[in-house]
Amino acid sequence: MRNSLLILAAAAMPLAAAAGQSVSTPHNVISIQPIDAVFTAYSAEYEHQVAAASTIGVGGTFFNAGDGTDKVTYKSADLKLRYYPNGIALMGFSFGGSAGYSSISGTDAFDGSHVSVSGPSLGVLLEYQWLMGVQRNVSVALGAGAKAVFVKDTEFTSDNFVTRYPTVRISIGYAF
């Protein structure tokens, strides 16, 4: 009986060791913001780990605000840098910044003319990201921030062109 228990324990050790092995952390995440799509805001992002606690990413957004003569379209492409103070990139709280190029177009409510302005943009990011699943390959991220588009205010006269605005991120993605 004692020998049977020893044999059983010896056979179970490799299984226990395999179960205790940690899953490797992914180094990339590609994500979309599906809830924003309901509001005609389409956004996608790719994020890549460049150091133990830092990532670089690229993202793009297309957003229609308003309707009819008040319709305004925002398009942007951004480079994003994030720092994860817990020391594990792609997981947990992060803060960072974005720099890119944005375009705003629509009908000027003051004189009815079609106006399109473009310029560089800067933003700040405060976010939290989870990597879930057995392989940690499902990403869920929540975040908030602000963005400013640098265009000349003299290029349009309408108040419906917002060049400084808050940002929200509710994204789901694939980590690899």
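An account of the accompanying structure is given in this report. (Residues numbered from 1 in each chain as written. Predicted model: local features only at pLDDT ≥ 70, side-chain atom pairs only at ≥ 80, totals over all residues. Heavy atoms only, no water.)

### Considering the overall build of the protein chain
- Along the protein chain, the regular secondary structure elements total two helices and eight strands.
- A burial count over the protein chain gives 35% of its 176 residues as buried.
- Long-range contacts, defined as pairs at least 24 residues apart, comprise 54% of the intrachain contacts of the protein chain with a sequence gap of at least 6. (Helix = DSSP H or I, 4+ residues; strand = E, 2+ residues; numbered from the N terminus. Buried < 20%, exposed > 50% of the residue type's maximum accessible area, 1.4 Å probe, protein only. Contact = heavy atoms within 4.5 Å.)

### As for the environment of Gly 123
- By the secondary structure assignment, Gly 123 is in strand E6 (residues 114–132).
- Separated by 45 residues in the primary sequence, Gly 123 and Asp 78 have C-alpha atoms spaced 9.2 Å apart.
- The residues contacting Gly 123, other than those within four sequence positions of it, are Gly 96, Gly 97, Ser 98, Ala 146 and Lys 147.

### Quick look at the layout of surface pockets
- The volume enclosed by the largest pocket comes to roughly 620 Å³.
- Surrounding the largest pocket, 30 residues form its lining, Thr 61, Tyr 165, Pro 166, Thr 167 and Val 168 being those nearest its centre.
- Broken down by secondary-structure element, the contributors of at least two residues to the lining of the largest pocket are strand E2 (41–51), strand E3 (54–65), strand E4 (72–83), E6, strand E7 (138–149) and strand E8 (164–175).
- Looking at the lining of the largest pocket residue by residue, the classes come out as 12 nonpolar, 11 polar and seven charged. (1 Å grid on protein atoms, 1.4 Å probe; cavity = no way out; pocket = protein on both sides within 12 Å on 5 of 7 lines; lining within 4 Å. Points joined across faces, edges and corners; volume = space filled by probe spheres on them. Nonpolar A, V, L, I, M, F, W, Y, C, P; charged D, E, K, R; others polar.)

### Here we look at the sheet that holds E3
- On the basis of which strands lie adjacent, the closed barrel formed by eight strands has the order E1-E2-E3-E4-E5-E6-E7-E8 and antiparallel pairing. With strand direction ignored, the average angle separating the axes of adjacent strands in the sheet is 25°.
- As defined by bridge partners, E4 adjoins strand E5 (residues 92–107) across 12 bridges and the pair is classed as antiparallel. Bridge pairing in E5 links Ser 76 to Ser 102. (Pairing = 2+ DSSP bridges. Axes fitted to C-alpha atoms, helices over the stretch in contact; angles between N-to-C directions.)

### Comments concerning the environment of Ser 98
- With respect to the element layout, Ser 98 can be found in strand E5.
- With relative accessibility at 9%, the residue Ser 98 sits in the buried group.
- Each C-alpha atom, one on Ser 98 and one on Lys 147, is 8.3 Å from the other, the two residues being 49 residues apart in sequence.
- For Ser 98, the contacting residues outside a window of four places in its chain are Asp 78, Leu 79, Lys 80, Ser 121, Leu 122 and Gly 123.

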